[in-house]
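# Tertiary structure, described
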Amino acid sequence: MSETPEKLENQSSRGSARRRAMMDAAWQILLDKGFSGVTLNDVISQSGGSRTTLYEAFGGKDGLIAAVMTERCMEFSAELHISLESDLPPRDALTDFATKLAKKILSDEAVRFTKILYTEGHHFIPLVDKFMKVGPDSTRARLARYLQRQHDLGRIVIDDPDHYAELFDSMISGGWQKQMLRLINPPHYTDAEITQRVTRVVDIFLCGVASPAYRNDVSTNTP
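First, a word on scope: everything that follows refers to the structure included in this document. (Residues numbered from 1 in each chain as written. Predicted model: local features only at pLDDT ≥ 70, side-chain atom pairs only at ≥ 80, totals over all residues. Heavy atoms only, no water.)

### Describing the overall build of the chain
On a plain count of helices and strands, the chain comes out with 11 helices and zero strands. Along the chain, from the amino end to the carboxyl end, the secondary structure elements read α-α-α-α-α-α-α-α-α-α-α. Burial status across the chain gives 39% buried among its 223 residues. By element, 53% of the accessible surface of the chain is carried by carbon and sulfur atoms, the whole surface being about 12,500 Å². (Helix = DSSP H or I, 4+ residues; strand = E, 2+ residues; numbered from the N terminus. Buried < 20%, exposed > 50% of the residue type's maximum accessible area, 1.4 Å probe, protein only. Areas by Shrake-Rupley, 256 points an atom, 1.4 Å probe, with all protein chains shown as cover.)

Below, the structure is given as structure tokens:
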């Protein structure tokens, strides 16, 4: 006798729930123990799933880690991308983008994962490459496209949007991430300190790339 649509739907829902539990367990173990500390036995024990389900869904440990990193990267980047999909003037869009980026990279979860990348990444090159592709590289590509649109609108003058996107990203994240890698007493930053740094970075960046017309327009309309 064939299975009813209701039974098939219930089976699908249970399968999705098991996959969700496995991904959540894998992410927490990854943050706690690093890449090398993720074991299938721990994932199965914490998620209540089975080895068969895990292999069917993800193909093994590397597939599971790649899936959960991809998901987290997309969640991390989604709000950042919103700032760059509009055609807000450069100062507004870059300030919004940089503020969100700074707060995200300084979050406890992001700091823990960054430390794992620096300490273990050379042993897990394919996974790190996957992370870079769906995370930082994707965000910089969107930033480059935003900068190109602003160049086309005559608001900024650039000859290599990819390079300028890399420069802007480095100005925001580079120094902070280096300090957050301290194993003992890493610094903590207030919203006021983040706002101050972002404002300085945006000012310096726009001083270099703003077109004369846009610079004059901003100056004229500044109280």
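### Some details on a negative patch on the surface
Residues D159, D160, D162 and E166 make up a contiguous surface patch of negative charge. D159 gets classed as exposed once you look at its relative accessible area, which sits at 70%. (Patch = residues over 30% accessible without salt bridge, like charges linked within 9 Å, V, L, I, M, F, W, Y side chains within 5 Å. Salt bridge = Lys/Arg side-chain N within 4 Å of Asp/Glu carboxyl O. Lys, Arg positive; Asp, Glu negative; His and termini not counted. Charge placed at Lys NZ, Arg CZ, Asp CG, Glu CD.)

### Let's talk about the environment of F124
Its location among the elements puts F124 in the loop between helix 6 (108-120) and helix 7 (125-134). Classification of F124 as buried rests on a relative accessible area of 17%. Those residues in contact with F124 that sit more than four places away from it in its chain are F35 and S36. (Contact = heavy atoms within 4.5 Å.)

### Some words on the packing of helix 7 against helix 8 (residues 136-152)
The geometry of helix 7 relative to helix 8 is characterised by a closest axis approach of 3 Å and an angle of 25° between their N-to-C directions. Judged by the inter-axis angle, helix 7 sits roughly parallel to helix 8. Packed against helix 7, whose contacting residues are F131, M132, K133 and V134, the element helix 8 presents P136, D137, S138 and R140 at the interface. The residue inventory of the contact of helix 7 with helix 8, partitioned by class, reads four nonpolar, one polar and three charged. (Axes fitted to C-alpha atoms, helices over the stretch in contact; angles between N-to-C directions. Parallel < 35°, antiparallel > 145°, perpendicular 65-115°, else oblique. Nonpolar A, V, L, I, M, F, W, Y, C, P; charged D, E, K, R; others polar.)

### Side note on the environment of F168
In this fold, F168 is placed in helix 9 (residues 161-180). Taking relative accessible area as the criterion, F168 reaches 1% and is therefore assigned buried. In this structure the C-alpha to C-alpha distance between F168 and L143, which are 25 residues apart in sequence, comes to 9.0 Å. Not counting the four nearest positions on each side in its chain, F168 is found in contact with L94, F97, A98, L143, V201, V202 and F205.

### Focus: the pattern of salt bridges
Applying the stated rule across the entire model yields 11 salt bridges. Its salt-bridge partner being D24, residue R72 comes within 3.9 Å of it at the nearest N-O pair. Here the residue R72 occupies a position in helix 4 (residues 61-85), and D24 occupies one in helix 1 (residues 5-33), the gap between them amounting to 48 residues. The shortest N-O distance in the salt bridge between R140 and D137 comes to 3.0 Å. With R140 and D137 both in helix 8, this residue pair falls three residues apart, about one helical turn. The class of D137 is partly exposed, set by a relative accessible area of 37%.

### Remarks on the packing of helix 5 (residues 90-105) against helix 10 (residues 191-209)
Where helix 5 contacts helix 10, the two axes come as close as 9 Å, and the packing angle between them is 140°. With respect to their mutual orientation, helix 5 and helix 10 come out oblique. In this structure, helix 5 meets helix 10 at a crossing whose hand is right-handed. For the pair formed by helix 5 and helix 10, the contact residues are P90, R91, L94, T95, A98, T99, A102 and K103 on the first element and D191, I194, V198, V202, D203, F205 and L206 on the second. (Left-handed = near helix turned anticlockwise from the far one by under 90°.)

### A closer look at the packing of aromatic side chains
All told, the structure shown has seven aromatic pairs when counted by the stated rule. For the pair W27 and F113, a centre-to-centre distance of 5.3 Å together with 45° between the ring planes defines the contact as tilted. Within this pair, whereas W27 is found in helix 1, its partner F113 is found in helix 6, the two being separated by 86 residues in sequence. The exposure classification of W27 matches that of F113, with both residues buried. (Phe/Tyr/Trp six-rings, centres within 6.5 Å; stacked < 30°, edge-to-face > 60°.)

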